[in-house]
Amino acid sequence: MILHFYHCPICGNIIVKVHDGGPTPVCCGSEMRPLVPKREEEYKEKHLPVVKRCDHYTFEVEVGSVPHPMTDEHHIEFICVQTENETIVRHLSPGDDPVSLFVCDSAPQAVYAFCNRHGLWMTETIEDIRCETKKKCKR
Ligand SMILES: [Fe+2]
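Residues numbered from 1 in each chain as written. Predicted model: local features only at pLDDT ≥ 70, side-chain atom pairs only at ≥ 80, totals over all residues. Heavy atoms only, no water.

Draft legend 1. Region of the structure containing the pairing of strand β12 (residues 119–123). Most of β12 sits out of view: 5 of its 5 residues are buried. If you look at the hairpin formed by strand β11 (residues 110–115) and β12, you'll find 3 residues sitting between the two strands. (Buried < 20%, exposed > 50% of the residue type's maximum accessible area, 1.4 Å probe, protein only. Helix = DSSP H or I, 4+ residues; strand = E, 2+ residues; numbered from the N terminus. Pairing = 2+ DSSP bridges.)

Draft legend 2. Representation of the nonpolar core in the model. Val 61, Ile 76, Ile 79, Val 81, Phe 102, Cys 104 and Val 111 are the most contacted members of the largest nonpolar core, which has 15 residues in total. When contributions to this core are tallied by element, the ones reaching two or more residues are β7 (58–63), β8 (76–82) and β11. Beyond its immediate sequence surroundings of up to four residues, Phe 102 is in contact with Tyr 57, Thr 58, Phe 59, Val 61, Ile 79, Val 81, Ile 88 and Arg 90. Phe 5, Ala 110, Phe 114 and Leu 120 belong to the second-largest nonpolar core, a separate cluster that totals 10 residues. (Core = buried A, V, L, I, M, F, W, Y, C linked by side-chain atoms within 4.5 Å. Contact = heavy atoms within 4.5 Å.)

Draft legend 3. Summary view of the sheet that holds strand β10 (residues 99–103). Spatially, the 4 strands line up as an open sheet ordered β10-β7-β6-β13, and their pairing is mixed. Looking at which strands have only one partner, the edges of the open sheet turn out to be β10 and β13 (126–127). As paired elements, strand β6 (residues 49–53) and β7 share 5 bridges and run antiparallel to each other. Bridge pairing links Arg 53 to Phe 59 in β7.

Right, here's the structure in full:
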């Protein structure tokens with residue numbers, strides 16, 4: 001299943017449909033706008049999630065092959081991991097490292113990251129290598 005994200009340009013709400021019944025969600029009196037994930041655009045090195053398998057159930061997601069800034073003005077707001085049976089959203093804050101560990105029931109099918117300036121990004125690539133990093137991962 002492909003996740004569908006939407007945002008409201010008036011209030012800034014962001015939602016994800018966990019079941020798509022068809023109609024476009026409405027917020028602030030208007031239809032919300034689809035957030036189409038980017039994959040290949042400029043700045044992808046700082047936004048495309050890099051996903052590594054740590055063990056059978058644990059995956060490290062780092063946002064960017066070059067770590068994304070995490071300042072008040074420019075940061076990753078959330079990472080979303082989708083498996084066959086789960087959708088997990090992890091919120092990040094300015095000052096956090098742009099990296100997080102996810103314990104999943106199976107390998108992610110897609111991993112999303114949302115930047116407050118550059119929007120939604122998505123990868124389906126999972127590096128099946130053992131993660132040896134000592135980074136401060138948010139759990
Ligand atoms: Fe960004």
